[in-house]
Every structure is written in structure tokens, then in C-alpha cells.
Amino acid sequence: MDDIRDLTIEELREAFRAMGEPAYRAGQAFAWLYRKGATRFDQFTDFPRDLRVRLEERFSFGAVAPEEALESPDGTRKTLFRLADGEFVETVLIPSGERRTVCVSTQVGCKFACAFCASGLGGFKRDLRPGEIVGQLLSLRDEFDAAPTNVVFMGMGEPLDNCDNLVKAVRILNAPEGLGLAARRMTVSTSGIVPGIERLGTLGMQINLSISLHSADDEKRGRLMPVNRKYPLAEVLKACRNYLAAGGRMITFEYILIRGFNDTSGDADKLAGIAHRLKAKVNLIPFSPVRGLPFAAPDAGTCRSFLARLREAGVAATLRQSKGGDIRAACGQLAGKTGVRS
């Protein structure tokens, strides 16, 4: 039985047509699912009773269930969600003034084993379905009675390794019949999956693209990120150029600063050269501790010097003050059930 929340508005229109119903029912269903928060078909009160019964026979109502939650004094909230098969993912809500950003997971675990990240320490279990991706956001919206303003696909997993389901989730979130979340308020982060970057460029949607770079040197990047062996830096940067040529928005390079590894003036100069060529922004992120990993963040002075060198070179760069580190909700710290209990 298919989860109705796995369907885009176009797929749901086809499903209603196949049931002998008018296509406009899909818009009504989307309103119940994503605006009114319905969790049962008998809540679709503008549907005839026999149609509600047929929907119940045809579709399931999948859900992600909040299992545990931790809140930091800075307002960051991390939620552990249990999936229907007993697996777990973590999701982070990051408030900032009127802005409420949800950092969403796309996989249970991760197969790419970046050296600085907790998400892959337990291995890869499976992809999340579209309804499970969107369900994280819906659960937090219903809990806090406030719709998130921004979504970043930066939680557990590699979004572009689950590209089909990611794209469907983006289309579901963007559909005006439902949440109507603007594509410009969604950001996809990738370790450099070239086919996925190329596909994003074909969608015709103004989604933000963020590249987890972490070194502008191929050898260093390969030591941090095994994916660099399959998709070397030159191929990733070529895909970024093609993405921009296809009308994509400005790219952001995410760069985790690791003490004694990628934090020198030479590292900054190489990064500035790449950022200039692509007119990319740079987001510097001091390493957040992960139990069992042998890395540390540079001291504050080194981080400021790195930032200053980028800016002196004319690069638009920021130094992120990571939130939620005390509850292991910062960049690279999400690890599912193990992570929430550590």
C-alpha cells in the first residue's frame, strides 16, 4: 500500500483519475495533507464518504514519530524520529529571529563516510521516502504551531544520493496547493555527487545549492571525503559551472575548518581562487567535536584570520557560529539514535 505523502501533486492527480475521480481532488487532498495537518482520510470532510473509504483502501498514511527531543539554551532543538520500520533519523530546528530553519535528513545513515562526520559512523541503512523527508518538517510545524520558513537538506545522509526522492520532496514542499514553500527557501547540500548536481540544474527551480568542499586541494579533500575519488574536485567544479550556466542560483561552498589540516593561509588562497572563478559564497564552519574522531577546531584567531584572507581576496565569506553543539546538533554531529543518546 502506497503512502499518500510520497506522491507529488501531479502523481496524485493521475491517481484520482485512475479512480474515476476529477483531478481537482488532488488539490483538495494536498490542502488536507499539508495545510490542515490531516492524519486520517475521514478528516477529508469535503470528500464523499465512499471516496474516503476507497482512499483508505488504496493508500496508507505514513508518519515519522518523534521519539526524543533535546533543546539547547541557544534555542536549537534536535528531534529523534522513529520511522515505521524502527529506524531513526535526526532533524534540527534552528530559530533565528523570525526565521525558523529546519535541517532535514534524507537517509538513514550515510554511505560516504566523510572523516569529520558522525552520520556515516553507523553505516548506511536506507534512503528515506519523500513522505518521510517531508514528514520531519510537518511534525515540527504541528508541534510548534508555526510553519518553518526555510529548509536545508543537510541532515543525515547525502541528499543527491537519494535524488529521486529528494526531488519529489522538494516538489511536494513547493506545490502551491500545499505548503507552497518557495524554492529559494530550500537549500540542497552535497558532498559532490556530480550527476545529482547536473540534475538539479535541469529542474527549472531556484533551489539553493551548497557544496561541502572542505578543501580546495584534491589530495587533502580525498583524505577527508572518499567521494572525491569517484568525483574529483575538477569534475565537481565543472558540474557547478554547468549548474550556473543552466540558470542556477549562486553556489555556496561549505568549508569545515580543521586545526592543522585545512586552516592555513595557503588553504585560504586556494579556496579564494576557486570561489572567485565560480563567483561562489563561502561559509566557514569551525569543526564541531564528534566522539571518536581525531579532529579539533582551530582557535578563534585562526578562524578570523582565514575569514579575513578570503575577504581581502574579494570573496563573500561568513564564519558560522554553529548552534546546538551542546546537544550534538551542529554540522557533522547528527548520527541517529546513537547521536541523541551520546
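Throughout this description, residue numbers start from 1 for each chain and increase along the sequence as written. This being a predicted model, a pLDDT of at least 70 is required before a residue's local features are given, and a value of 80 or more before pairs of side-chain atoms are given or counted; all residues contribute to the totals for chains, interfaces and linings. By convention in this description, side-chain values take in all heavy atoms of the structure and omit both hydrogens and water.

### Notes on the overall build of the chain
Helix and strand assignments follow DSSP, with helices taken as H or I runs no shorter than four residues and strands as E runs no shorter than two, numbered in order from the N terminus. For the chain, the count of helices and strands is twelve helices and 14 strands. A radius of gyration in this sense is built from C-alpha atoms; the matching globule rule multiplies 2.2 Å by the number of residues raised to 0.38. The C-alpha radius of gyration of the chain comes to 21 Å, within 12% of the 20 Å expected for a compact globule of 342 residues. Taking the principal axes of its C-alpha atoms as reference, the chain extends roughly 70 × 45 × 35 Å. Residue contacts are defined here by distance: any two heavy atoms, one from each residue, within 4.5 Å place the two residues in contact. A separation threshold of at least 6 residues defines the contact pool for the chain, and within that pool the share at least 24 residues apart is 65%. Charge assignment in this entry is limited to Lys and Arg as positive and Asp and Glu as negative, and neither His nor the chain termini are counted. The location of each charge is read from NZ of Lys, CZ of Arg, CG of Asp or CD of Glu. When the 48 positive and 41 negative side-chain charges of the chain are each reduced to one mean point, those points stand 3 Å apart.

### Regarding the packing of aromatic side chains
Under the pairing criterion, centres of Phe, Tyr and Trp rings, with the six-membered ring standing for Trp, must be within 6.5 Å; the plane angle then separates stacked pairs below 30 degrees from edge-to-face pairs above 60, leaving the rest tilted. Enumeration according to the criterion identifies nine aromatic pairs in this entry. Considering the side-chain rings of Phe41 and Phe61, the 4.7 Å spacing of their centres and the 50° angle between planes classify their relative orientation as tilted. In this pair, Phe41 sits in the loop between α2 (24-35) and α3 (49-58) while Phe61 sits in the loop between β2 (59-60) and β3 (65-71), placing the two residues 20 residues apart along the sequence. With a centroid separation of 6.4 Å and an interplanar angle of 90°, the aromatic rings of Phe44 and Phe61 are classed as edge-to-face. You can see Phe44 sitting in the loop between α2 and α3 and its partner Phe61 sitting in the loop between β2 and β3, a full 17 residues away along the chain.

### Structural notes on the environment of Glu235
Tracing the backbone shows Glu235 in helix α9 (residues 233-245). Distance in space between the C-alpha atoms of Glu235 and Ser60 is 42 Å, their sequence separation being 175 residues.

### Quick notes on the environment of Leu209
In this structure, Leu209 sits in strand β11 (residues 208-212). In this structure, the C-alpha to C-alpha distance between Leu209 and Ser189, residues 20 residues apart in sequence, is 6.1 Å. Setting aside chain neighbours within four positions, we find Leu209 in contact with Val188, Thr190, Ile197, Leu200, Tyr243, Met250, Ile251 and Thr252.

### As for the state of the cysteines
The disulfide criterion used throughout: a pair of cysteine sulfur atoms within 2.5 Å. Within this structure, the stated rule accounts for zero disulfides. Unpaired in terms of disulfides, Cys117 finds its nearest cysteine sulfur in Cys114, a separation of 6.2 Å.

No statement about biological role is implied by the geometric values presented.
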